[in-house]
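# Residue-level structural notes
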Amino acid sequence: MQIRIWRLPEVTPERPHGLKYSLFCGRPNERIVGYDNELGKGDHRHYRDHEEPYVFVDIPTLILDFRCDVMREIGL
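One structure accompanies this document, and this report is about it. (Residues numbered from 1 in each chain as written. Predicted model: local features only at pLDDT ≥ 70, side-chain atom pairs only at ≥ 80, totals over all residues. Heavy atoms only, no water.)

### Some words on the pairing of strand β5 (residues 50-53)
For clarity, the threshold we go by: Note on pairing: two strands pair once DSSP finds at least 2 bridges between them. Only runs of H or I of at least four residues qualify as helices and only runs of E of at least two qualify as strands under DSSP, and these elements are numbered from the N terminus.
Across four bridges, strand β4 (residues 44-47) lies against β5 in antiparallel orientation. Bridged to Y47 within β5 is H50. The hairpin turn running from β4 into β5, its antiparallel successor, is two residues long, and R48 in that turn takes a positive phi close to 50°.

If you want it as structure tokens, here you go:
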């Protein structure tokens, strides 16, 4: 599991919260759960090969949502 969050020098229309983030759970070459806001895609999350939009609220909620999805995916 890896959680990386950066504060950007300025807010942009694509990143109105002023953050860049990448939350990952998986193995080499296998993503189980991932949350990120890659340029051109905005806030979104991945469940294995499925991708869907994600509504960013704040950092604590982001981390909680990610951890809950990881626990659900790994069966805990």
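### Here's the deal with the pattern of salt bridges
When the charged atoms of two side chains lie near each other, side chains of opposite charge can form a pair. Formally: When a carboxyl oxygen of Asp or Glu is within 4 Å of a side-chain nitrogen of Lys or Arg, the pair counts as a salt bridge.
Inspection of the entire model under this criterion finds seven salt bridges. One salt bridge connects E51 with K41, and the closest N-O pair in it is separated by 3.2 Å. One end of the pair, E51, is in strand β5; the other, K41, is in the loop between β3 (30-36) and β4, with ten residues separating them in the sequence. Salt bridges linked by common partners bring R27, E30, R48 and E73 together as one network.

### Remarks on the side chain of R45
Here is the rule: Pairs of N or O atoms are called polar contacts if they sit within 3.5 Å, as long as, within protein, a hydrogen donor faces a hydrogen acceptor (for residues adjacent in sequence, only side-chain-to-side-chain pairs).
With respect to the secondary-structure elements, R45 resides in strand β4. For R45, the side chain forms a polar contact with the side chain of Y35, separated by 3.0 Å.

### Quick notes on the environment of T12
This is how it is decided: The rule is simple: take the accessible area with a 1.4 Å probe, protein chains only, and divide by the maximum for that residue type; under 20% is buried, over 50% is exposed, in between is partly exposed.
Summarising the element assignment, T12 is placed in the loop between β1 (2-7) and β2 (19-27). Owing to a relative accessible area of 26%, T12 belongs among the partly exposed residues under this scheme. A polar contact of 3.0 Å, which involves the side chain of T12, links it to the backbone nitrogen of R15.

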